[in-house]
Amino acid sequence: MKFLSFSLLLLCASPALAAEIDFAHEVAPLLKQHCGKCHLGEQKKGGLSLNTREALFVGGDSGKVVSPGKSAASDLIERLKSTDKELRMPPEGPRVPAEQIAKLARWIDEGARWEEGFQFAKSSYEPPLKPRSPALPSPRNGRENPVDRILDEYLAQKKLATPAAVDDATFARRASLDLIGLLPTVEELDSLLNDKSSDKRQRYVEKLLARDVDYAEHWLTFWNDLLRNDYSGTGFITGGRKQISKWLYQSLATNKPYDVMARELISPPNQDSAGFIDGILWRGDVSAGQTVEIQFAQSVGQALLGINLKCASCHDSFIDRWTLQESYGLAAIYSKRPLEIHRCDKPINQQAAASWLFPELGQVDAKAAQPERLKQLAALVTHRDNGRFTRTIVNRLWHRTMGRGIVHPPDAMQTEPWNADLLDFLAEDFAQHGFDLKRTLSLITTSAAYQSQMEVVDKNTDDAGYTYRGPRARRLTAEQFIDAVWQLTDTAPGKFDAPVIRAGSSSAKSPATGPKELTGKWIWSSADSSNAAAGETVVVRKKFDLKATPVQAIAAITCDNSYSLYANGQKLQSGENWEAPDAVILTGKLKAGENEIVIVAKNGGSGPNPAGLFCEIVAWQADKSATTIATDESWQWTKTLPDGKGKFKTEPTDWQAAAAVKGAAVWQGVHPQLLAALSAGGQSVGLKVRASLVKSDFLMRALGRPNRDQIVTVRPDSLTTLEAIDLANGQSLADSLQRGSVKLAARGWTPDTFSQWLFRSTLAREPSPAELATMKEELGAKITPQGIEDALWSVLMLPEFQLVR
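Residues numbered from 1 in each chain as written. Predicted model: local features only at pLDDT ≥ 70, side-chain atom pairs only at ≥ 80, totals over all residues. Heavy atoms only, no water.

S.K.: Describe in detail the pattern of salt bridges, supporting the description with residues and values.
M.R.: Under the criterion given, the structure shown has 52 salt bridges. Residue Asp421 pairs with Arg132 through a salt bridge whose shortest N-O separation is 2.6 Å. Of this pair, Asp421 sits in helix H18 (residues 420–432) while Arg132 sits in the loop between helix H5 (98–109) and helix H6 (146–157), and the two are 289 residues apart along the sequence. The exposure class assigned to Arg132 is partly exposed, which follows from its relative accessible area of 34%. Here Arg211 makes a salt bridge to Glu188, at a shortest N to O gap of 3.2 Å. Within this pair, whereas Arg211 is found in the loop between helix H9 (200–210) and helix H10 (212–226), its partner Glu188 is found in helix H8 (residues 186–194), the two being separated by 23 residues in sequence. In this structure Glu188 comes out as partly exposed when scored by relative accessible area, which is 26%. Each of Asp225, Asp230, Glu479, Arg705, Arg708 and Arg715 takes part in a single network of salt bridges with overlapping partners. (Salt bridge = Lys/Arg side-chain N within 4 Å of Asp/Glu carboxyl O. Helix = DSSP H or I, 4+ residues; strand = E, 2+ residues; numbered from the N terminus. Buried < 20%, exposed > 50% of the residue type's maximum accessible area, 1.4 Å probe, protein only.)

S.K.: Before we move on, could you go through unusual backbone geometry and cite the residues and values that matter?
M.R.: Residue Met89 is joined to Pro90 through a cis peptide bond whose omega torsion reads -10°. Summarising the element assignment, Pro90 is placed in the loop between helix H4 (75–81) and H5. Cis rather than trans, the peptide bond between Asp560 and Asn561 has omega equal to 25°. The phi angle at Asp490 is positive, at roughly 55°, despite the residue not being glycine. As for its position among the elements, Asp490 is in the loop between helix H20 (478–489) and strand S4 (523–524). The phi angle at Ala764 is positive, at roughly 60°, despite the residue not being glycine. Topologically, Ala764 is positioned in the loop between helix H25 (751–763) and helix H26 (769–779).

S.K.: Break down the sheet that holds strand S5 (residues 537–546) for me, citing the residues and quoting the values.
M.R.: Strand pairing in a sheet relies on backbone hydrogen bonds, with the paired strands running either antiparallel or parallel. The strand order across the open sheet built from six strands is S8-S7-S10-S5-S13-S14, with neighbouring strands paired in antiparallel fashion. The sheet is open, and its two edges are formed by strand S8 (570–575) and strand S14 (656–657), each paired on a single side. Sheet topology places S5 next to strand S10 (residues 593–602); ten bridges connect them, and they run antiparallel. From the neighbouring strand, Thr537 faces S10, where its bridge partner is Lys602. (Pairing = 2+ DSSP bridges.)

S.K.: Pulling in residues and values, what's your account of empty space enclosed by the protein?
M.R.: Counted by the stated rule, this structure contains six cavities of 30 Å³ or more. As for the largest cavity, its lining consists of Gly181, Glu217, His218, Thr221, Phe222, Arg400, Thr477, Glu479, Gln480, Asp483, Arg690 and Ser692. Among the secondary structure elements, those contributing two or more residues to the lining of the largest cavity are H10 and H20. If you tally residues by element for the lining of the largest cavity, the top one is H10, at four residues. By residue class, the composition of the lining of the largest cavity is one nonpolar, six polar and five charged. Here the second largest cavity is characterised by a volume of approximately 60 Å³. Forming the walls of the second largest cavity are Leu227, Arg228, Asn229, Arg241, Lys242, Ile244, Gly275, Phe276, Gly279 and Ile280. Grouping the amino acids of the lining of the second largest cavity by side-chain chemistry returns four nonpolar, three polar and three charged. (1 Å grid on protein atoms, 1.4 Å probe; cavity = no way out; pocket = protein on both sides within 12 Å on 5 of 7 lines; lining within 4 Å. Points joined across faces, edges and corners; volume = space filled by probe spheres on them. Nonpolar A, V, L, I, M, F, W, Y, C, P; charged D, E, K, R; others polar.)

S.K.: Before we move on, can you summarise the pairing of strand S7 (residues 562–567) with the specific residues and values?
M.R.: Along any regular strand, the residues point their side chains to alternate faces of the sheet. With respect to burial, S7 is a largely interior element, six of its six residues being buried. Examined bridge by bridge, S7 and S10 share six bridges and lie antiparallel to one another. Paired with Tyr566 across the bridge in S10 is Val598. Here S7 runs beside S8; their pairing, made up of five bridges, is antiparallel. Of the residues in S8, the one forming a bridge with Tyr566 is Lys571. Linking S7 to S8, which pair antiparallel, is a turn of two residues; within it Asn568 sits at a positive phi near 50°.

S.K.: Quick one: what's the story with the packing of helix H14 (residues 292–305) against helix H15 (residues 324–334), residue by residue and with numbers?
M.R.: Packed helices, taken two at a time, are described by their axes: the angle between them and the distance between them. Where H14 contacts H15, the axes come no closer than 8 Å and their chain directions differ by 110°. Viewed along their axes, H14 and H15 adopt a mutual orientation that is roughly perpendicular. The interaxial crossing formed by H14 with H15 has right-handed handedness. Here Val292, Glu293, Ile294, Phe296 and Ala297 of H14 lie close against H15, whose contacting residues are Ser327, Tyr328, Leu330, Ala331 and Tyr334. Residues belonging to the contact of H14 with H15 are distributed by class as follows: eight nonpolar, one polar and one charged. (Axes fitted to C-alpha atoms, helices over the stretch in contact; angles between N-to-C directions. Parallel < 35°, antiparallel > 145°, perpendicular 65-115°, else oblique. Left-handed = near helix turned anticlockwise from the far one by under 90°. Contact = heavy atoms within 4.5 Å.)

S.K.: Can you explain H10? Please cite residues and give values.
M.R.: Taking 1.5 Å of rise per residue, the 15 residues of H10 would be expected to cover 21 Å, and the 20 Å separating its terminal C-alpha atoms lies within 8% of that figure. Leu220 marks the point of greatest bend in H10, at about 35°. Along H10, 15 of the 15 residues are buried, which leaves the element largely enclosed by surrounding structure. Of the residues trailing H10, Arg228 is marked for its positive phi of about 40°. (Expected span 1.5 Å × (residues − 1). Bend = angle between axes of the 7 residues up to and from the residue.)

S.K.: Tell me about the nonpolar core, and please be specific about residues and values.
M.R.: Judged by nonpolar contacts, the single largest core of 151 residues is most densely connected at Trp223, Tyr258, Trp398, Phe481 and Phe754. Sequence-distant contacts of Phe754, defined by excluding residues within four places in its chain, comprise Leu744, Trp749, Leu779, Ile783, Ile788 and Ala791. Listed in part, the 50 residues of the second largest apolar core include Ala532, Ala556, Leu613 and Cys615. (Core = buried A, V, L, I, M, F, W, Y, C linked by side-chain atoms within 4.5 Å.)

S.K.: Explain the packing of aromatic side chains to me, and be specific about the residues and the numbers.
M.R.: Counted by the stated rule, this structure contains 25 aromatic pairs. Plain terms: the ring middles of Phe171 and Tyr204 are 5.8 Å apart, the flat faces sit at 55° to each other, and that makes the pair tilted. Note that Phe171 is positioned in helix H7 (residues 168–179) and Tyr204 in helix H9, a separation of 33 residues in sequence. For the residue pair Phe171 and Tyr204, the accessibility class agrees, reading buried in each case. Taking 5.6 Å as the distance between ring centres and 80° as the angle between the ring planes, the aromatic pair formed by Phe430 and Phe435 counts as edge-to-face. Judged on exposure class, the residue Phe430 and its partner Phe435 are both buried. Through a chain of ring-to-ring contacts, the aromatic side chains of Tyr215, Trp219, Phe222, Trp223, Tyr258, Phe389, Phe430 and Phe435 assemble into a single cluster. The side chain of Arg321 reaches across the aromatic face of Trp322, ending 3.9 Å from its centre. Sitting above the plane of the Trp757 ring, Arg747 keeps its charged end 5.7 Å from the centroid. (Phe/Tyr/Trp six-rings, centres within 6.5 Å; stacked < 30°, edge-to-face > 60°. Lys NZ or Arg CZ within 6 Å of the ring centre and 35° of its normal.)

What follows is the structure, given as structure tokens:
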């Protein structure tokens, strides 16, 4: 295990991996408590202000007070420890406890890291609301991409060199990881390297973005974090939380315009996207700042507008302009009950009135019903004159692909951008092109700026404020790392947890396809259902056997007028609009042997009207064969209603054969939608499972996957020592590498061919002569699973591998 030991030594010795002091929770309170009276807000005693990191580093009349990395040489620590009445800080009152001084000293030794965007005093900067279309500078050196025209002018004005371009292999790895979250295969790498055309990088990006399923399943991680969506966790067991996974996946796979996505999140057209605004209904008593109404205000503000309303949900914010009244006004738009304002968790005997944060764009009608208020809010958030909406999302995309936001951090959109022209151009271009997320990603990744060498960053780089010098390397997400392991070792799990249909919009080639036509029939209790009684309810069922547990199963279902679907004693779906059929995921709900489907179907209306139910299920096996179960006369019906799980306490005695409905042509218009749902399901058979589709586990948490009880917009950019140890000792990673090594050893590699493949597959480069010699020496003359396992460990633990660079 020499490779592993050496890699772990490097990993744990890296300064970037050391555990860090939490500035916001451990340092800021100490500075405020002990230094605030003289050096915060308007106070600047001795010329020293601690309002911002930049001000702290400038120091006061006596010079610098902090030397990053050197607490022993920092005047701040010396004065806190001093007993000299002329030097000691604070000059009056009790001394700062020794353990708190030690914490501040440790913070300085770690580089005096400061939460970006944080300042103790309110900023005087107020960002513009309306969009702006800046004039583009003339191209320099033939670089026509608007991003380059703006940045080349920026660099020229600052007399900074233009970063050099990366080679094709580095670009291929970077773009593939950023756009679809996967390492490029050796074949994909060779295809780009051997392409002699001048536009090959543009076409490479286009090909990546056209891989709808891969794109959706990579960006699902970003959006799950941003919209606090997950497949398990707080609230799901008790019913106090709902997923938006199906809606979100389909939105990404079809590249739904972002303004449409936002409107459907704020004013859900159905329950598929309602989980975002409904938040988490916590069990037991919660503070006023954790109610679902306040969660709504915070979530809309943070996720869609880059506004932090958490402070202003308790009291008027002391870091920006937002007030308690404004937070509660936004919350009241969602509230279905009178909402009393609480300050610091205490009621103030004042009711909140529903109101929007930017009244210059319009206002909601506080007297309107809640659904109408939400609809009005959705229109205001996505208003064409709301530049805050577009700036926020393009800034997030820039941060994700370039390593640092134009406004940073991405949730602090009150902060002044380092290049307003760049931010405004991207935002307005995004709106002018239909709020197309893929197009903006293409614009960024096809720029020379994106394709340039990474900026060399150290702990003191931004001490005097940020200056753009090129993109910055980013740590692989947990999902990217695990996908890479599964990709290399062919050890992805056979099933996933996300309730989604894995299909895209561009009809990409797939290992299996769905049915070419529907085989089911519209059924009811009688064939002549054209004048069924209003409110008539029938319960239908079908029992059937499967030879094995299906790897994928989809039901396409609709009912005139409504239905509830149960599979093997579990309620899966309800629907009330027959013109909008549902695709219901049965994967994991059906089993080998006998299965039972129960559907409660109800007619609507106020008088006699047509009634009918249609359901077609396709279950695919691992060998790509499919079994179809569709409504027809073999189904049975009863008037006896089941319980909440679709089960009968006493078996009904009135089961009768269902009837195929006459005149079913009245519903013919929805057949294409039903067929499309089943065809989409067939696309996913044989696709390798992605990490974004499975529940979080120990390894993912060690790699930084967050608990999504809260919105997360930026994951940690470094691995702590503890996380590094967890990573190295995680059983799931060890199992994947062990099983994968056996598979790889069976391919008949030589030490030379395996080493070449490993370096090119993971790092997108050839091994150096020294690396190749070391690898071959450790592998030995004959390839063995143990040798391959050690080699995989050694490369996966390299910082070079663990970065998008």
